[in-house]
Amino acid sequence: MPTHSKKLHAFLPSWLKTAPAKLHTRLRDNRGTASITFILCLPIFLFFVAIICQYALLANAKLVVEQAAQAAARSTVTSLSDDRPDRVYRAAYMALTPLSPAVTPIDAEGTQVQDALNDLGAQPFSSYSSRFTYAKNATEVLWTSPRGSFVDNEAQPIEVTVNYQMPLTVPLANILLTQSKTAIAGRIGYYRTVTATVKVVTAHSRTTRADGNGWPSGGPP
Amino acid sequence: MTDTVQHVLAPQALPDSPPDASALRSPSWLPLWITLLSFSAVLATTALFLPIKPVAENIQPTGLFMFALAAIVCVTAALSDAATNRIPNPLTYTAALLGLLLNCLPVLARLFGFEKLDLWLGAAGPQQALLGFAAAAVFGLVSVAIRGMGVGDSKFIIAIASILGFSHACVALLSALCIATVYALINLAVAGRLNIVLRFAAQQLVDLVCLKKWTPLEAPDIVQDKGFRGKIPLAVPLAIGVTISRFIPLRILTFGLIDA
């Protein structure tokens, strides 16, 4: 061994010095027995891992549903005064689309939204329309009616609730978290409802889409 | 039964003139691999033609070469494991390498215009194979580190995951785990006798199908080991699990507990 290699070898930790020999032994080892305790404990370990994975996915879903509720609440302020509740629903569906699985057949509204996003240059993912279809079928958006006129009274509180049927995809955990299978948008599986509620207060009272053509009264400026 | 047990548990009688150990310990694996691949090819071709009649026109039959190869490798490893508690390294290393290479084959075949090769091969693809290899390697390393299973078993799982790909390997290994659990419980209940009976049967089978040449020479120390009752040859439930996972859904094997 050259002198500089000897010096380097002296500085190496002991486990690193023996590592090549141990690796060689492992690579040549061909024992084919498994401990019974390991075999009996592995399903229990996998069960806990499955539960943790499924709850992690549910926690992620909760965040996305909260974001969808915020988008829907913001939309209520601008869209309810124009008597366009469909925009509130659509805001929630669009926020939940990335979380949703792809289903068939694709809803016409999903295709319209994807085309509109393409026209804007947003470049949504290819399965956007089919995922939007699932989000539309799996989401329930509810809001409390404002007190009095939306236009004439300021500071109207609105409470928006979004209920989303989250598909449970982790084996074993899905059966434990929900007992029965249901079909949503033609997709049969296990689902759990994820709910988020957001309160907003209208700051200004005015009609933003009075003539329903996308511009305030009087047309474009 | 007593005679059988004594026969199995008796120390291996040494022959008068010791055989050429180097020749027996490193047999040529090429003939065995040619046999395994030929059997897989025949099975895959037969399976491809069998279900064509009942399958509707719009449903493409799936190729079965990779599955047949995995099943045949499993059976060979299971026989060796049950008979000697060893899974030969030439089998596992070559199977892992072959799995990775064969899973890359459809990509190359498509480049050169042989799209129909997919139909016969039934390969999961290079991504699935690499993912399966990596996941099985991590699982194997952890299992060996905690002394849960032997290194041979880890290598065997890596080989199966490389051949079948990650998704199918997960289903196959979960099926195998169910069977291994049942096997382990039965073996515990009968105080390790199941291992002994299986060992005797496997030794007879190895002799019968001329696999003795490829099984390791040295007598396994596990027979004298007091932990013999607490260990099982994992390749046996793995082989059964991999083979039946294609035909019996995991939902049925797990009594409805696993239903993805």
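The structure under discussion appears in the preceding block.
I will try to describe carefully the structure that is included in this document. As a convention, each chain's residues are numbered from 1 in the sequence order in which they are written. Chains and ligands are labelled by the order in which they are written, letters from A for the one and numbers from 1 for the other. In keeping with the model being predicted, local features are shown solely for residues with a pLDDT of at least 70 and side-chain atom pairs are shown and tallied solely at 80 or more, while totals for entire chains, interfaces and linings include all residues.

1. Side note on the packing of helix 4 (residues 65-84) of chain B against helix 10 (residues 193-208) of chain B
Residue and element names in this part refer to chain B.
Here is step 1: At a closest axis distance of 7 Å, the pairing of helix 4 and helix 10 adopts a crossing angle of 125°. With respect to their mutual orientation, helix 4 and helix 10 come out oblique. The chirality of how helix 4 crosses helix 10 is left-handed. Across from L79, A82 and A83 in helix 4, the residues of helix 10 making contact are L198, R199, A202, Q203, L205 and V206.
Here is step 2: Three categories are distinguished: nonpolar for Ala, Val, Leu, Ile, Met, Phe, Trp, Tyr, Cys and Pro, charged for Asp, Glu, Lys and Arg, and polar for the others, with Gly belonging to the last. Looking at the contact of helix 4 with helix 10, its residues break down into 7 nonpolar, 1 polar and 1 charged. Only the stretch in contact is used when fitting a helix axis, every axis being a line fitted to C-alpha atoms; angles between N-to-C directions are given from 0 to 180 degrees. Segments assigned H or I by DSSP are reported as helices when at least four residues long, segments assigned E as strands when at least two residues long, and all are numbered from the N terminus. Throughout this description, any angle smaller than 35 degrees is read as roughly parallel, any larger than 145 degrees as roughly antiparallel, any in the 65 to 115 degree range as roughly perpendicular, and the remainder as oblique. In this scheme the handedness of a crossing depends on how the near helix is turned from the far one: anticlockwise by less than a right angle means left-handed, clockwise means right-handed. We call two residues in contact when the distance between their C-beta atoms, placed using the backbone, is within 7 Å.

2. Some remarks on unusual backbone geometry
Residue and element names in this part refer to chain A.
Here is step 1: For the bond running from T104 to P105, omega is 0°, close enough to zero to count as cis.
Here is step 2: By secondary structure assignment, the location of P105 is in the loop between helix 4 (85-96) and helix 5 (108-120).
Here is step 3: Unlike most non-glycine residues, A185 shows phi in positive territory, near 55°.
Here is step 4: Its place among the elements puts A185 in the loop between strand 4 (182-184) and strand 5 (187-189).

3. Brief notes about the interface of chain A and chain B
Here is step 1: Contact residues are listed per partner, giving 20 residues for chain A and 31 residues for chain B.
Here is step 2: Among the elements of the structure, helix 2 (14-28), strand 1 (33-35) and helix 3 (36-79) of chain A are those that each provide at least two residues to the side of chain A that touches chain B.
Here is step 3: A per-element tally of the side of chain A that touches chain B places helix 3 of chain A first, with 7 residues.
Here is step 4: The class makeup of the residues in the side of chain A that touches chain B is 10 nonpolar, 6 polar and 4 charged.
Here is step 5: Should DSSP find at least two bridges between two strands, the strands are taken to pair. Examined bridge by bridge, strand 1 of chain A and strand 1 (residues 231-233) of chain B share 3 bridges and lie antiparallel to one another. If you follow A:A34 over to strand 1 of chain B, its bridge partner there is B:I232.

4. Quick word on the sheet that holds strand 6 (residues 191-201) of chain A
Residue and element names in this part refer to chain A.
Here is step 1: As summarised here, the arrangement of the 3 strands in space is 2-3-6, forming an open sheet in which the pairing is antiparallel. The open sheet has two free edges, formed respectively by strand 2 (139-143) and strand 6, since each of these has just one partner strand. Across the sheet, the mean angle separating the axes of adjacent strands is 15° when strand polarity is ignored.

5. Focus: helix 8 (residues 151-164) of chain B
Here is step 1: The end-to-end C-alpha distance of helix 8 of chain B, which contains 14 residues, comes to 20 Å, matching closely the 20 Å that a straight helix rising 1.5 Å per residue would cover.
Here is step 2: One or two positions beyond helix 8 of chain B, positive phi appears at B:G165, with a value near 90°. What a helix is expected to span follows from its residue count: subtract one and scale by 1.5 Å.

6. Overview of the nonpolar core
Here is step 1: The term nonpolar core means buried Ala, Val, Leu, Ile, Met, Phe, Trp, Tyr and Cys residues held together as one set by C-beta atoms within 7 Å. In this scheme every C-beta is placed from the backbone, and a residue whose C-beta has 20 or more other C-beta atoms within 10 Å is buried, one with 12 or fewer is exposed, and one in between is partly exposed. Ranked by internal contacts, the top residues of the largest apolar core, which has 65 residues, are B:M66, B:A70, B:V73, B:C74 and B:I160.
Here is step 2: In this structure B:C74 touches B:I160, B:L238, B:A239, B:V242 and B:T243, once residues within four positions along its chain are discounted.
Here is step 3: Core analysis: the next-biggest nonpolar cluster, separate from the first, contains 40 residues, A:M94, A:L96, A:V141 and A:Y164 among them.

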